[in-house]
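# Remarks on the overall topology
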Amino acid sequence: MQVYLLGFGASVCLVGMKSWQQMNVQYEKLWWIPPTSYFLAAFEIYLWSKASSSNLLFWFSVGTGAWVGSLGAVLVHKRLRK
């Protein structure tokens, strides 16, 4: 069960960071691009290392984390731009 929760959490962070990075580039928040890139690399390496021994439930937890992370990043970025 723990690996599924970690997969979900890492996916939330990874996709959230990808969305955040895209908005940083779009709105020219250049000082946020380098640190965001390092966080992206950390979460991506973790997920790739776990995906090799995954099953359908892991895939579902990572997919759910992906849409939660993307939606969350858009809402937070929108709130901070006001």
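It should be noted that the structure appears before, not after, this text.
None of these values were measured; they are calculated from a predicted model. (Residues numbered from 1 in each chain as written. Predicted model: local features only at pLDDT ≥ 70, side-chain atom pairs only at ≥ 80, totals over all residues. Heavy atoms only, no water.)

Another aspect to go through is a nonpolar patch on the surface. The grouping of Leu56, Leu57, Trp59 and Phe60 at the surface amounts to a nonpolar patch, some 510 Å² of accessible area in total. Residue placement: Leu57 occurs in helix α3 (residues 56–81). (Patch = residues over 30% accessible without salt bridge, like charges linked within 9 Å, V, L, I, M, F, W, Y side chains within 5 Å. Areas by Shrake-Rupley, 256 points an atom, 1.4 Å probe, with all protein chains shown as cover. Salt bridge = Lys/Arg side-chain N within 4 Å of Asp/Glu carboxyl O. Helix = DSSP H or I, 4+ residues; strand = E, 2+ residues; numbered from the N terminus.)

A few words now on unusual backbone geometry. Of note, Glu28 is a non-glycine position whose phi angle comes to about 55°, a positive value. Relative to the elements of secondary structure, Glu28 occurs in the loop between α1 (2–26) and α2 (33–51). Take Glu28: its relative accessible area is 59%, and that puts it in the exposed class. (Buried < 20%, exposed > 50% of the residue type's maximum accessible area, 1.4 Å probe, protein only.)

This part covers the packing of aromatic side chains. This structure, assessed with the given rule, holds 1 aromatic pair. Considering the side-chain rings of Trp20 and Trp32, the 6.1 Å spacing of their centres and the 80° angle between planes classify their relative orientation as edge-to-face. With a gap of 12 residues between them, Trp20 in helix α1 and Trp32 in the loop between α1 and α2 connect regions that are remote in the sequence. The class for Trp20 is buried, based on a relative accessible area of 14%. (Phe/Tyr/Trp six-rings, centres within 6.5 Å; stacked < 30°, edge-to-face > 60°.)

For the pair α1 and α2, the least separation of the axes is 9 Å and the interaxial angle reads 150°. Comparing their axes, α2 and α1 come out roughly antiparallel. Seen along the crossing, α1 lies across α2 with a hand that is left-handed. Partitioned by chemical class, the residues of the contact of α1 with α2 number 14 nonpolar, 6 polar and 3 charged. (Axes fitted to C-alpha atoms, helices over the stretch in contact; angles between N-to-C directions. Parallel < 35°, antiparallel > 145°, perpendicular 65-115°, else oblique. Left-handed = near helix turned anticlockwise from the far one by under 90°. Nonpolar A, V, L, I, M, F, W, Y, C, P; charged D, E, K, R; others polar.)

Take the nonpolar core next. In this structure, Tyr4, Ala10, Leu14, Leu40, Leu47, Phe58 and Val62 together form the largest nonpolar core, which totals 7 residues. Elements supplying a minimum of two residues to this core: α1, α2 and α3. For this core, the leading source of residues is α1, giving 3 residues. Excluding residues that lie within four positions of it along the chain, Phe58 makes contacts with Val3, Tyr4, Gly7, Leu47, Lys50 and Ala51. (Core = buried A, V, L, I, M, F, W, Y, C linked by side-chain atoms within 4.5 Å. Contact = heavy atoms within 4.5 Å.)

Attention now moves to the side chain of His77. Within the fold, His77 resides in helix α3. With sequence-adjacent residues up to four places away left out, His77 is seen in contact with Trp20, Met23, Asn24 and Tyr27.

What follows deals with the side chain of Ser11. Topologically, Ser11 is positioned in helix α1. Those residues within four positions of Ser11 in sequence are excluded, and the remaining contacts are Gly16, Leu47, Val62, Gly65 and Ala66.

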